[in-house]
Amino acid sequence: MSAKKVAILVSGALFAVVLVSCQQVFTFSPLKAFDQSPANMTPQQQVNYAEDALKSGNPTTMKTAYEAIKSSTDPNVQLVAGQLAFGASGASAALTQALADVASGASISTVQSVLNNVDTTLAVSGAQNIVNAAAGGAPVSDSQYAIAAAAYIVSAAQAAGGFDKLSGLTSGPGSSDLAEAKTLVSNIQATNSSLATTIQSFY
């Protein structure tokens, strides 16, 4: 199978898995009041609000929901928090677009520019939620590992002075974020090796 066909399959699979993973952690509860502040809700109401915010796809609402649950000690809630941060920061959309660009034959510099259109601080915060979720035994998907890794790669590139500075980077600005990204990529299952390879091409 050609590299282009593999990239198309990977990008399509990632998009599908992102959508499914957003829906698998909690069962759907009808949206009741996005105008009610999560700060006035019980912890379970905040989780319900967070799931509804995730389904809404609204970045502002997702960010509000994220702030409400990001410090939860429940690994499954940490997983939802990571998804919210990825959605609100643009990381999920950016990586999906980057993979689509790879499939269409775009240059790596073009692909990297797409990843730069991300709220890096929020995305990295979400990546840490994913790390916490995995440490607590929550079922982290390959796509979630990939987006978390991409967030750290963008952060590393910004600290190091560009994506072209990442090759062989082992110390100095950006090195710790790059190391974290590599660890996350290593958690991607062998059955999704093409996804891991694509993420690794960014550094």
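Residues numbered from 1 in each chain as written. Predicted model: local features only at pLDDT ≥ 70, side-chain atom pairs only at ≥ 80, totals over all residues. Heavy atoms only, no water.

## Points about the environment of Ala 39
Summarising the element assignment, Ala 39 is placed in the loop between α1 (3-24) and α2 (43-56). Exposure remark for Ala 39: the relative accessible area of 66% places this residue in the exposed category. Sequence separation between Ala 39 and Thr 64 is 25 residues, and the spatial gap between their C-alpha atoms is 9.8 Å. (Helix = DSSP H or I, 4+ residues; strand = E, 2+ residues; numbered from the N terminus. Buried < 20%, exposed > 50% of the residue type's maximum accessible area, 1.4 Å probe, protein only.)

## Considering the nonpolar core
Ranked by internal contacts, the top residues of the largest apolar core, which has 43 residues, are Leu 95, Leu 115, Ile 153, Leu 166, Ile 199 and Phe 202. Secondary-structure elements contributing two or more residues to this core are α4 (75-89), α5 (91-103), α6 (108-115), α7 (120-135), α8 (142-160), α9 (175-186) and α10 (193-200). In terms of residue count, the dominant contributor to this core is α8 (12 residues). (Core = buried A, V, L, I, M, F, W, Y, C linked by side-chain atoms within 4.5 Å.)

## Focus on the environment of Val 131
Along the chain, the position of Val 131 falls in helix α7. When the C-alpha atoms of Val 131 and Tyr 145 are compared, they prove to be 8.5 Å apart, with 14 residues separating the residues in sequence. Those residues within four positions of Val 131 in sequence are excluded, and the remaining contacts are Glu 180 and Leu 184. (Contact = heavy atoms within 4.5 Å.)

## Points about the packing of α5 against α8
It is the contact of α5 with α8, at a shortest axis distance of 10 Å, that shows an interaxial angle of 95°. One finds that α5 runs roughly perpendicular with respect to α8. Note on element contacts: α8 touches α5 through Ala 146, Ile 147 and Ala 150, opposite Ala 91, Ser 92 and Leu 95. A breakdown of the residues in the contact of α5 with α8 according to their chemical character gives five nonpolar, one polar and no charged. (Axes fitted to C-alpha atoms, helices over the stretch in contact; angles between N-to-C directions. Parallel < 35°, antiparallel > 145°, perpendicular 65-115°, else oblique. Nonpolar A, V, L, I, M, F, W, Y, C, P; charged D, E, K, R; others polar.)

## Side note on α8
The end-to-end C-alpha distance of α8 is 26 Å, a good match for the 27 Å that 19 residues give at a rise of 1.5 Å each. Of all 19 residues in α8, 16 are buried; the element is thus mostly enclosed. Within two residues after α8, Gly 161 carries a phi angle of roughly 105°, on the positive side. (Expected span 1.5 Å × (residues − 1).)

## Focus on the pattern of salt bridges
Going through the model one piece at a time under the given rule, you end up with two salt bridges. Between Glu 51 and Lys 55 there is a salt bridge, with the nearest N and O atoms lying 3.9 Å from each other. Of the two residues, Glu 51 and Lys 55 are both situated in helix α2; the distance of four residues between them amounts to about one turn of the helix. Overall, the relative accessible area of 3% leaves Glu 51 in the buried class. Here Lys 55 falls in the partly exposed class, since its relative accessible area comes to 33%. Here Glu 67 makes a salt bridge to Lys 70, at a shortest N to O gap of 2.8 Å. (Salt bridge = Lys/Arg side-chain N within 4 Å of Asp/Glu carboxyl O.)

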